[in-house]
Amino acid sequence: MAEIKVLFVTSEIAPLIKTGGLADVSGALPVALRSIDVDVRVLVPGYPQVMAQLGPNEVVATFAELPGFPPSRLIFSIMKSGVPLLVLDCPSLYQRAGGPYSDPDGHDWVDNPLRFGLLSKIAAVLSCDESPLSWHPEIVHCNDWQTGLTGAYLSVSPGAVPNVITIHNLAFQGNYRPHKVQLLHLPPDSYDMNGLELYGNMSFLKAGLYYAYHITTVSPNYAREIQGDELGFGLQGLLQGRSSDITGILNGIDTEEWNSESDKHLPAHYSSARISGKAANKLALQTRMGLNQDADVPLLGVVSRLTHQKGLDLLLEIVPRLLELPVQLVILGSGEPAMQKNARYLAHHYPGRVAAMIGFDESLSHQIEAGSDMFIMPSRFEPCGLNQFYSQRYGTPPVVHNTGGLADSVVDCNADTLKDGTASGFVFSGMSTDNLYDTIKRAVDLYHDPRKWKALRKNCMSKDFTWETSAKAYRAVYYKVLGR
Ligand code: ADP
């Protein structure tokens with residue numbers, strides 16, 4: 001008998017549709033929650049990628065006449081992971097080529113307010129007395145701005161259950177002109193400072209944060225940072241006011257998907273005790289990416305969105321200096337055109353030493369985590385970050401900026417932390433090319449001390465990143481909200 005019933009609402013879920021960390025969390029956290037007796041069902045839009053991968057399914061509800069929205073229906077299916085899925089099928093809003101948020105050219109879909117307004121609206125309908133389903137959640141768990149209006153709709157719904165929202169990235173807010181309030185049939189008085197108004201716009205995320213019973217974010221450090229001016233993105237006042245309702249819970253990772261002993265994407269498997277397979281991955285990666293097949297030169301890996309947030313402009317700037325150390329560099333990512341161009345230019349200019357693949361490639365991302373010697377994440381801010389977990393687990397110590405979840409999950413390597421067995425990467429403070437360079441140099445120097453490098457790699461691979469601890473923390477939040 002499940003202890004709590006939770007509707008988990010998300011705009012992406014691995015392995016069906018993924019643009020970033022939210023998908024990884026949505027794919028794995030419900031599995032972990034179900035294993036501790038939380039009956040979670042996931043609501044997700046029916047993008048083509050989702051519809052194409054559905055197993056056996058049935059239509060469980062239709063919504064023909066929701067004011068302001070085109071007709072839609074709910075399809076029930078069960079994911080391979082065992083998690084029950086409610087797919088919101090609305091072909092006029094979701095069945096189109098491109099990504100979940102943007103068209104094939106990378107421009108945001110102009111009807112995103114309607115697309116995610118509907119997702120929020122249906123989440124609210126399923127979480128109050130109006131629900132056509134026999135399964136009734138006791139809590140609705142929203143994620144990021146795309147689900148932010150749920151609480152606003154629930155504020156006027158009979159029998160509304162409490163809602164919790166998780167911030168995966170406060171920088172994305174879904175802010176639109178105020179007339180959308182009417183178009184989306186939101187409660188008229190919700191357009192207020194005490195509601196979803198934010199500096200003269202209506203804001204999906206502000207609504208989410210204002211109406212939520214409890215707010216969580218994906219690391220304890222980020223929970224503190226977003227209450228300050230630097231990383232509050234205009235919402236710090238609200239967040240400070242709700243300080244006692246905010247909990248930071250570090251993400252876990254899917255340790256089956258990310259297991260160097262069985263990873264289907266890897267040409268060779270390895271473990272901490274049988275590390276030789278890692279060298280085979282390095283050689284295979286160098287070969288695949290056209291890098292010189294040199295076992296001894298340290299290979300730096302990057303898998304990332306290529307955006308200002310991720311700080312990779314700093315890395316690209318110091319590539320010529322780094323290559324003198326020497327090192328090799330492999331980059332997988334896509335994002336801002338200028339950064340993509342720069343990465344391509346460097347690969348062209350330094351053949352055999354720098355390789356860049358512009359695009360999204362799940363398989364290559366695993367091969368980079370396994371085949372690189374160290375992993376570079378100089379994010380300006382990072383709510384949690386996942387690649388630093390993957391790289392530690394794959395024995396590829398990360399070099400990270402001292403921010404958000406990176407600071408919570410990587411222990412800087414120095415004489416003391418090496419001695420006590422906690423060192424698991426290299427952490428730098430102060431975003432500057434010199435600080436990044438000095439820290440990568442520190443990592444390269446240690447790499448050339450095989451005994452210490454082996455010890456560091458072993459520490460990394462022995463850390464526990466399972467979802468179990470995080471799932472228990474989410475369950476505690478649910479209990480608190482329900483007053484149990
Ligand atoms: P964010 O969600 O801000 O993009 P995270 O580190 O939390 O950053 O999660 C990013 C996820 O997306 C990771 O699983 C990472 O491996 C993956 N990823 C990012 N870019 C790519 C890419 N170009 N190809 C494959 N996987 C990628």
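These figures come from a predicted structure and were not determined experimentally.

**Details of the packing of aromatic side chains**
- Counted according to the given criterion, the structure contains 14 aromatic pairs.
- For the pair tyrosine 101 and phenylalanine 116, a centre-to-centre distance of 5.8 Å together with 50° between the ring planes defines the contact as tilted. Of the two residues, tyrosine 101 is situated in the loop between α3 (91-94) and α4 (112-126) and phenylalanine 116 in helix α4; the sequence distance between them amounts to 15 residues.
- Ring geometry for tryptophan 145 against phenylalanine 204: centres 5.3 Å apart, planes inclined by 85°, an arrangement best described as edge-to-face. Taken together, the residues span a long stretch of sequence, with tryptophan 145 in the loop between β6 (139-143) and α5 (150-154) and phenylalanine 204 in helix α7 (residues 204-211) at a distance of 59 residues.

**Side note on the environment of leucine 446**
- Within the fold, leucine 446 resides in helix α18 (residues 433-447).
- A relative accessible area of 13% places leucine 446 in the buried class.
- Distance from leucine 446 to leucine 456, taken between C-alpha atoms, is 9.2 Å for residues ten residues apart in sequence.
- Non-local contacts of leucine 446, meaning those with residues more than four positions away in its chain, are made with Cys413, Leu418, Phe426, Lys452, Trp453 and Leu456.

**Quick notes on the pairing of strand β16 (residues 374-377)**
- What you see with β16 is no split at all: Met374 and Ile376 on one side and Phe375 and Met377 on the other are buried throughout.
- By the bridge criterion, two bridges tie strand β13 (residues 299-306) to β16 in an arrangement that is parallel. Its bridge partner lying in β16, glycine 301 is registered against phenylalanine 375.
- Pairing of β16 with strand β17 (residues 398-401), which is carried by three bridges, proceeds in the parallel orientation. Its bridge partner lying in β17, methionine 377 is registered against valine 400.
- Taking the sense of rotation as the criterion, the β-α-β connection linking β16, helix α15 (residues 387-393) and β17 turns out right-handed.

**Overview of the pairing of strand β14 (residues 328-335)**
- Counted residue by residue, β14 has six buried out of eight residues, so it is predominantly covered.
- Of the pairings in the sheet, the one linking β13 to β14 comprises eight bridges and is parallel in character. The residue bridging valine 303 from the neighbouring strand is leucine 332, located in β14.
- Summarising the sheet, β14 and strand β15 (residues 354-358) pair through five bridges and their orientation is parallel. Considered in β15, the bridge of leucine 329 is made with valine 354.
- With helix α13 (residues 337-349) bridging β14 and its parallel neighbour β15, the resulting β-α-β unit is right-handed.

**As for the domain arrangement of the protein**
- Segmentation of the protein into domains returns domain 1 (4-252 + 467-482) and domain 2 (276-461).
- One C-alpha centre belongs to domain 1, the other to domain 2, and the line joining them spans 33 Å.
- Facing the 20 residues of domain 1 at the interface are 16 residues of domain 2.
- Considering only the side of domain 1, the residues that lose the most area to domain 2 are Lys18, Asn221 and Leu250, jointly responsible for 29% of the buried surface there.
- Seen at the junction of domain 1 and domain 2, the total is one salt bridge.

**What about helix α20 (residues 468-481)?**
- In a regular helix each residue adds 1.5 Å, so 14 residues correspond to 20 Å; α20 covers 20 Å between its end C-alpha atoms and thus fits that length.
- Those residues of α20 that fall on the buried side of the exposure criterion are Ser470, Ala471, Tyr474, Arg475, Val477, Tyr478 and Val481. One face of α20 carries all of its buried residues, which in axial projection span an arc of 155°. Exposed and oriented more than 90 degrees from the buried face of α20 are Thr469 and Lys480.
- With its phi angle positive at about 70°, glycine 483 sits one or two positions after the end of α20.

Rules behind the numbers
- Residues numbered from 1 in each chain as written.
- Predicted model: local features only at pLDDT ≥ 70, side-chain atom pairs only at ≥ 80, totals over all residues.
- Heavy atoms only, no water.
- Phe/Tyr/Trp six-rings, centres within 6.5 Å; stacked < 30°, edge-to-face > 60°.
- Helix = DSSP H or I, 4+ residues; strand = E, 2+ residues; numbered from the N terminus.
- Buried < 20%, exposed > 50% of the residue type's maximum accessible area, 1.4 Å probe, protein only.
- Contact = heavy atoms within 4.5 Å.
- Pairing = 2+ DSSP bridges.
- Right-handed = clockwise from strand over helix to strand, strands pointing away.
- Domains from an automatic or database assignment.
- Buried area = accessible area lost by both parts, 1.4 Å probe.
- Salt bridge = Lys/Arg side-chain N within 4 Å of Asp/Glu carboxyl O.
- Expected span 1.5 Å × (residues − 1).
- Arc of directions from axis to C-beta.

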